[in-house]
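# Residue-level structure breakdown
What follows is each chain in one-letter form.
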Amino acid sequence: MRISTPIFAAAVMLAALSVGARADTPSPGSGVRGRSVVYYGDLNIEIEQDAKVMLQRIERAAKKACGGHPTFSTYTGSLDHTFDECRSEAIQRTVKQLGAPMVTRIYSEARKSDRRVSRI
């Protein structure tokens, strides 16, 4: 089944805009600050290089939607992990909603290697 590019673009933009259900109904403490649009009409996300570019765009949009950077908590005296959690969840939801096999594969491989590095 082939999905038309405009419909697919609309679905990805909706996924990026909503950043999951949390963007529309932010809970107290959620890191969602705004919304971002991910354009990819210039990409063929079935090709590995373009899928990597798409994932980079998703990551930038998630960073922007979650406030741009971690904040310092004056209450705990350390960096607040809300930003990282928001960003990670937004990327994961957008990749899942996009449903592009190549983007999903690259994202999954990157997460596996990140987990391996964090265990060391």
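Here the structure is a predicted model, which is why all the values come from computation and not from measurement.

The next point concerns the environment of Y39. Relative to the assigned elements, Y39 resides in the loop between helix 1 (5–18) and helix 2 (48–65). Using a relative accessible area of 59% as the deciding quantity, one classes Y39 as exposed. C-alpha of Y39 to C-alpha of M54: the two residues are 15 residues apart in sequence and 8.5 Å apart in space.

A word on the state of the cysteines. Counting across every chain of the model gives 1 disulfide. Across the disulfide from C66 sits C86; the S-S distance is 2.0 Å. On the S-S bond that ties C66 to C86, the torsion sits near -75°, and the link is left-handed. Highlighted residues: C66 in the loop between helix 2 and strand 1 (72–73) and C86 in helix 3 (residues 82–98), separated in sequence by 20 residues.

What counts, and at which threshold
- Residues numbered from 1 in each chain as written.
- Predicted model: local features only at pLDDT ≥ 70, side-chain atom pairs only at ≥ 80, totals over all residues.
- Heavy atoms only, no water.
- Helix = DSSP H or I, 4+ residues; strand = E, 2+ residues; numbered from the N terminus.
- Buried < 20%, exposed > 50% of the residue type's maximum accessible area, 1.4 Å probe, protein only.
- Disulfide = S-S within 2.5 Å.

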